[in-house]
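# Descriptive analysis of the structure
So you can see what is in the structure, the chains are spelled out below.
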Amino acid sequence: LGMAGRGRGRGRGQMTFNVEAVGIGKGDALPPPTLQPSPLFPALERRAVPLPGGEECEYMLALKQELRRAMRGLPYFVKPGAPRRDIERYSDKYQLSSPVDNAIDWNPDWRRLPRELKIRVRRLRKGRTAALVPKQRVALDKEEALKKLESLEKKEEEVTSEEEEEKEEEEEGKEEEEEEYDEEEHEEETDYVLSYFDNGESFGPDSDDNGDEAVY
Amino acid sequence: MTQAELRLCSLLLRENFGEIVEKVGNSLLRTGPRPLRLLVGDTGLLPDQVKKALCVLLQHGLARYEPQPRGAVEYEARGERVLRILRYPRYIYTAKTLYGDPGELLVEELLLHGHLPMSSAVARVADRLTETMEDGKSMDLSEVSATFVRLADTHFIQRCAAPPAAPPEAQAKDRFVVPRLGLVGKGKRRHSCDEEEEGEHKAKRQKQEGGSSEPPPDDGIYWQVNLERFHQHFRDQALVSAVASRMDQTSSEVVRTMLRMSEVTTASGASHTQPLSSNEIFRSLPAGYNISKAVLDQYLALLADDPLEFVGKSGDSGGGTYTVNLHKALVSLATATLESIVEERFGSRCARIFRLLLRKKHLEQKQVEDFAMIPAKEAKDMLYRMLSENLVALQEIPKTPDHAPSRTFYLYTVNVMAAARMLLHRCYKSVANLMERRHHEMRENKRLLEKSQRVEAILASMQATGAEAAQLHEVEEMITGPERQQLENLKRNVNKMDASENQVDETIFMLEAFIESTMKRP
């Protein structure tokens, strides 16, 4: 039962084909077997040809670097959102939290994109403050009057939102003006123009899901 | 896609669009088309982030979507298109050589934004050109419009296809028809020094910003760059320059004329152009060339007889009809690329063996030694090295049915297609390595770069407020001599790597064009 091909000690280096045909003569020293993966940076036997210079190459090089710089500044470069802080800090109230996570900074043509990709944007301060601020200036230091206005605002919200955006904004509108109410209170306490800041309470991933629920 | 291609796509997405888009793109490329919720689960990102990333990818044509029967939408990434980002500088530079600065900026804006309506693109470019002009001057919109129309006429830009959900009537029948827009006016500067101009334009500007309720006349018509047409141009360029270096300037002009005449009549994957008669070619030669008809005929005959077979004679009517053999030309160009790579990597004697095998197709060990006139030992060594790199293959031809080794021919051969694919794969790896190394260099020197930028900013603001030379000098001294040296080294290395990436992309184009052309043949 001498199984062929199992002779590891004897007949070492025998192959299935005739090695002479590929040019390995009898008694030729074969290179030693490779026992490890080839080195990561093998030595270069010959240097590469130098890069072609010239006006064309220079121009394309400058173009490439310019494009890279320009791309980073465009709204298509999606920056990861600022990491949530572990402790709520006082200064958070006054910081301008960028709407990076929750809005697209350019206006695509939504007719060309599927509807599910549309992120509901909290159009908080921009359109609203302009319309509401004149009203609120009237009863600034009077809390009861403010509360009255709040209910009036609720009704007004319903009217304006239908004019302006889609109906989804209505619920956001209710959330918003409650916060604006807070904002007006704060305005009395500080010298800072708070309309430049938002406290970011309505930003964040969970508020998306609560958009349809009632606002307490 | 291969691992090398995937890695390169990943790096390109990250560099140009950030990590979030990279993650989403990766997921789509590696795992295939999927709907939104699977993407969210797979990437571990927030839903809004994924939505944003998809918008970016769709905007740039790097992905597409397909509405599925049950209301879901499936997204698919286009890996090949991602790889084209490497070629953006070449597209823009080509547009510059063909259509000047307006052309260059139009193509650049379209590439930076993915797709744009004509009105928007023209306005942006006019503004940018106005910025570079002298005070008081501004760029006419009509001139930029005219360039836009020329780009569309020659098919370098095209209209975007209608989205999948659109009704069939909305599909544009003609991809290159430019809508009639009465675009008048001039470009606007960002900081207008001319008061008069400001007064005029303020009114217009307010109207534009406030009145987004009025849709522009070309609403819904978007334009994008037609990459295929640029590729066709690159191929033609390579052909013409090959003829120029092999023969002479006049022959290359003849070939260039033939290619120009066939630009719009040749289908994109055609293996040769439509036949052109010698008379037609004579009439279409550029004005500066006054060679006689007889001389032209001689040139054509020479081109047709050349063993490279770039030009072939297809008949005798009209003074002889000729075509340009596009496929054969691509094969020659790709083969030349392969030969050049072997020569640079392994030496000229290896290259001699390689060329020999290309010509003779199959040779035995002994025949190689004889034909190449290289001693046996060295020839053996070279063949094995090329064999181990898969540039050369062994073909077994048995003499007897039992395939006994002693009675079998072993022939060396070069499989051009396989070698091209293998080298293309190496090219992708090279570019990815170059990019990684470049990022590494930038990261290592981040602190120094930031410091340098701050100093530049300080210097700029000081100069604007009119500081003395001594003060400026003091600020400059904030960067020490060795640091300056380090910055210079960094700049030199980064430039080298960028230039190398451009260079490798040229090879990638050549090999890809060859592979594509070969695959298209029936």
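Every residue gets a number counted from 1 within its own chain, in the order that chain's sequence is written. Going through the entries in the order they are written, you letter the chains from A and number the ligands from 1. Thresholds applied to this predicted model are a pLDDT of at least 70 for local features of residues and 80 or more for the giving and counting of side-chain atom pairs; totals over whole chains, interfaces and linings are not thresholded and use all residues. Working from all heavy atoms in the structure, the side-chain values ignore hydrogens and water.

Per an unreviewed UniProt entry, chain A carries the name RPC7L polymerase and comes from Vidua chalybeata. What the UniProt record of chain A gives under Sequence similarities (unreviewed entry) is the line "Belongs to the eukaryotic RPC7 RNA polymerase subunit family." UniProt positions are given in the numbering used here, feature names are shortened, and annotations may be inferred rather than shown by experiment. In its Subcellular location (unreviewed entry) section, the UniProt record describing chain A reads: "Nucleus".

Let us now look at helix α6 (residues 88-113) of chain B. Residues and elements named next belong to chain B. For the purposes of this entry, the term helix denotes a DSSP run of H or I that reaches at least four residues, the term strand denotes a run of E that reaches at least two, and both are numbered from the N terminus. By this rule the span expected of a helix is its residue count minus one, scaled by 1.5 Å. Look at α6: only 12 Å from first C-alpha to last across 26 residues, short of the 38 Å you get at 1.5 Å a residue. The angle between axes fitted to the seven residues ending at a residue and the seven residues starting there is what we call the bend at that residue. At tyrosine 99, α6 is bent by approximately 145°, the largest bend along its length, and proline proline 102 sits one to four residues beyond. Buried, partly exposed and exposed residues are distinguished by accessible area as a fraction of the type maximum, computed with a 1.4 Å probe on protein chains only: under 20%, between the cut-offs, and over 50%, respectively. Taken across its 26 residues, α6 has 21 buried, putting it largely inside the fold. Just downstream of α6 lies glycine 114, where phi reads positive at about 85°.

This part covers the sheet that holds strand β7 (residues 311-315) of chain B. Residue and element names in this part refer to chain B. One open sheet holds the three strands; their spatial order is β6-β8-β7, and the pairing between them is antiparallel. On the outer flanks of this sheet lie β6 (276-277) and β7, each paired with one strand and no other. By this definition, two strands are paired if DSSP reports at least two bridges between them. Relative to strand β8 (residues 321-324), β7 runs antiparallel, the two being bridged by four bridges. Paired with glycine 312 across the strands is threonine 323, a residue of β8.

Now for the packing of aromatic side chains. Pairs of aromatic rings are described using the distance from one ring centre to the other and the angle between the two planes. Residues and elements named next belong to chain B. Any Phe, Tyr or Trp ring, taking Trp's six-membered ring, that has another such ring centre within 6.5 Å forms a pair; planes under 30 degrees apart are called stacked, those over 60 apart edge-to-face, and the others tilted. The tally for this structure, following the rule as stated, stands at nine aromatic pairs over all chains. Here the aromatic rings of tyrosine 91 and phenylalanine 234 are separated by 5.9 Å at their centres, their planes lie at 10°, and the arrangement is stacked. Of the two residues, tyrosine 91 is situated in helix α6 and phenylalanine 234 in helix α10 (residues 227-246); the sequence distance between them amounts to 143 residues. Here the two residues tyrosine 91 and phenylalanine 234 agree in accessibility, since each one is buried. Ring geometry for phenylalanine 234 and phenylalanine 509: centres 5.6 Å apart, planes at 90°, overall edge-to-face. Of this pair, phenylalanine 234 sits in helix α10 while phenylalanine 509 sits in helix α21 (residues 481-520); the two residues are 275 residues apart in sequence, bridging distant segments of the chain. Phenylalanine 234 sits in the buried class, given a relative accessible area of 1%. A relative accessible area of 5% means that phenylalanine 509 is categorised as buried. Taken together, Tyr88, Tyr91, Tyr99, Phe156, Phe230, Phe234 and Phe509 form an aromatic cluster joined through their ring pairs. In this scheme, Lys NZ or Arg CZ marks a charge over a ring once it lies within 6 Å of the ring centre and within 35 degrees of the ring normal. The ring of phenylalanine 371 carries lysine 360 above its face, with NZ or CZ at 4.6 Å from the centroid.

Residue and element names in this part refer to chain B. Although it is not a glycine, glutamate 309 sits at a positive phi angle of roughly 60°. Relative to the helices and strands, glutamate 309 is located in the loop between α13 (293-305) and β7. Here the phi dihedral of asparagine 390 falls at roughly 65°; this positive angle occurs in a residue that is not glycine. Turning to its location among the elements, asparagine 390 is positioned in the loop between α17 (376-388) and β10 (393-398). Overall, the relative accessible area of 54% leaves asparagine 390 in the exposed class.

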